[in-house]
Amino acid sequence: METPKGDYCARTFRWIPCIFIILVIGWSYYAYVVELCLFTVDSMAQKVLYITFYQFFFFMFVWAYWQTIFTEPRNPSSKYTLPEGMYERMVNAPDEPARQEIIKDFASSLPGMELRTMQGGFRHCTVTARLKPDRCHYCSVVKQCVLKMDHYCPWVNNCVGWSNYKFFVLFLFYGLAYCVFIASTTFQHFILFWSNDLRASGLSKFSILFLFFGSAMFALSLTTLFCYHIWLTTKNRTTIESWRAPIFRTGPDSNGFNLGVKRNFEQVFGEKVLLWGVPIFTSLGDGQSFPVRLMQGDVESGLATNRANKRREREDPAEGDRQLPVIHTTTK
């Protein structure tokens, strides 16, 4: 099927925010390294120190940004694709209850189908002819179902989801660190500029002025965004789930995937703490099924089982080795 010309135009225009960010980063590199460090700073030790730390923050920032942009959003695997005959019957079904009746047996046989629609049915996508596993949503911009979709970000021209969410958070972190470093190291020269004591050329003066203002403004905006996504990570939520609680078989539960702060971080950044700050993929799982915390029904079942085990032990100590199983988690 040929791609419409209008779609090519839309794809081209979506690169404009990325090009803007790349131009700003390129200009900041020149302004900081050349105009500030080489032409303005007098101390050789200070030059070396500034450039060394700057190169580290610049490299990590660009690396995380690259990974966020060029890591493709992941689709559900082919096993979630509806068989051809079933898809045709579902599309021609008169209403949603009829569609649910057609797909219920197929959906029940797949992992990662714990979440439901608002009406309590299985989640499916008529555009891609697939069932949607837990936390998967259709993105109208990239035109595909995205695993653990968080949001579409125009500044990276990509849909942020399971495959690149770690890179996105690191992009925010290193972007913030990059801006804070530039603002803190140009502040003294910024003060000298306003007191007319800065000994530098006109181009260097204005470069330092815009470096400080630009980095300070970007730092403020990135601080809010970074803190918000760290909060989401500690709760094991996506941006979509923060606005609308996911609906489980037992009903809506905004904390359904909350496993505790440490395990929540591991879901995104992996179990090796030393790799948390490195823009390489270390997220856990397959993006299609996720561990969930105990639901209320499971808690009650577990408490009842524990009470039954203790009662059996009191009545017959020999039965202690043949206890009933205790439910510790719920995964589907």
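The preceding data block contains the structure.
Procedures and definitions
Residues numbered from 1 in each chain as written. Predicted model: local features only at pLDDT ≥ 70, side-chain atom pairs only at ≥ 80, totals over all residues. Heavy atoms only, no water. Helix = DSSP H or I, 4+ residues; strand = E, 2+ residues; numbered from the N terminus. Polar contact = N/O pair within 3.5 Å; in protein donor to acceptor, adjacent residues only side chain to side chain. Contact = heavy atoms within 4.5 Å. 1 Å grid on protein atoms, 1.4 Å probe; cavity = no way out; pocket = protein on both sides within 12 Å on 5 of 7 lines; lining within 4 Å. Points joined across faces, edges and corners; volume = space filled by probe spheres on them. Nonpolar A, V, L, I, M, F, W, Y, C, P; charged D, E, K, R; others polar. Salt bridge = Lys/Arg side-chain N within 4 Å of Asp/Glu carboxyl O. Buried < 20%, exposed > 50% of the residue type's maximum accessible area, 1.4 Å probe, protein only. Disulfide = S-S within 2.5 Å. Axes fitted to C-alpha atoms, helices over the stretch in contact; angles between N-to-C directions. Parallel < 35°, antiparallel > 145°, perpendicular 65-115°, else oblique. Left-handed = near helix turned anticlockwise from the far one by under 90°.

**As for the side chain of Thr68**
Within the secondary structure, Thr68 sits in helix 3 (residues 44-70). A distance of 3.4 Å separates a polar side-chain atom of Thr68 from the backbone nitrogen of Phe168. In contact with Thr68, not counting residues within four places along its chain, are Val156, Asn158, Asn164, Phe167, Phe168 and Phe171.

**So, empty space enclosed by the protein**
Counted under the stated rule, the structure contains 2 cavities of 30 Å³ or more. Reported here for the largest cavity is a volume of approximately 60 Å³. Considering the residues around the largest cavity, the lining is formed by Lys148, Asp150, Gly161, Trp162, Tyr165, Thr233, Asn236, Arg237, Thr238 and Val268. A breakdown of the residues in the lining of the largest cavity according to their chemical character gives 3 nonpolar, 4 polar and 3 charged. Counted as a void, the second largest cavity has a volume near 30 Å³. Around the second largest cavity, the lining residues are Lys148, Gly161, Trp162, Tyr165, Gln267, Val268 and Ser283. The residue makeup of the lining of the second largest cavity, split by class, is 3 nonpolar, 3 polar and 1 charged.

**A look at the pattern of salt bridges**
The final tally for this structure, using the stated rule, is 6 salt bridges. Its salt-bridge partner being Arg99, residue Glu96 comes within 3.0 Å of it at the nearest N-O pair. Note that Glu96 and Arg99 are positioned in helix 5 (residues 96-108) at a spacing of 3 residues, about one turn of the helix. Overall, Glu96 belongs to the partly exposed group, its relative accessible area being 26%.

**Thoughts on the state of the cysteines**
As enumerated under the stated definition, the model contains 0 disulfides in all. There is no disulfide at Cys139, and the cysteine sulfur nearest it, in Cys159, is 3.8 Å away. For the unlinked cysteine Cys153, the closest cysteine sulfur is that of Cys18, found at 7.9 Å. A relative accessible area of 7% places Cys153 in the buried class.

**Let's talk about unusual backbone geometry**
Phi at Arg135 takes a positive value of approximately 70 degrees, unusual for a residue other than glycine. On the secondary structure map, Arg135 appears in the loop between strand 2 (130-131) and strand 3 (137-139). A relative accessible area of 1% means that Arg135 is categorised as buried. Of note, the phi angle at Lys148 is positive, near 45 degrees, even though the residue is not glycine. Among the structural elements, Lys148 can be located in the loop between strand 4 (144-146) and strand 5 (151-153).

**A look at the packing of helix 4 (residues 84-91) against helix 5**
In helix packing, the relevant descriptors are the interaxial angle and the interaxial distance, both defined with respect to the helix axes. With their axes 8 Å apart at the nearest point, helix 4 and helix 5 run at an angle of 155 degrees to one another. Between helix 4 and helix 5, the angle falls in the class roughly antiparallel. The chirality of how helix 4 crosses helix 5 is left-handed. Here Met86, Arg89 and Met90 of helix 4 lie close against helix 5, whose contacting residues are Arg99, Ile102, Ile103 and Phe106. For the contact of helix 4 with helix 5, the class distribution of residues is 5 nonpolar, no polar and 2 charged.

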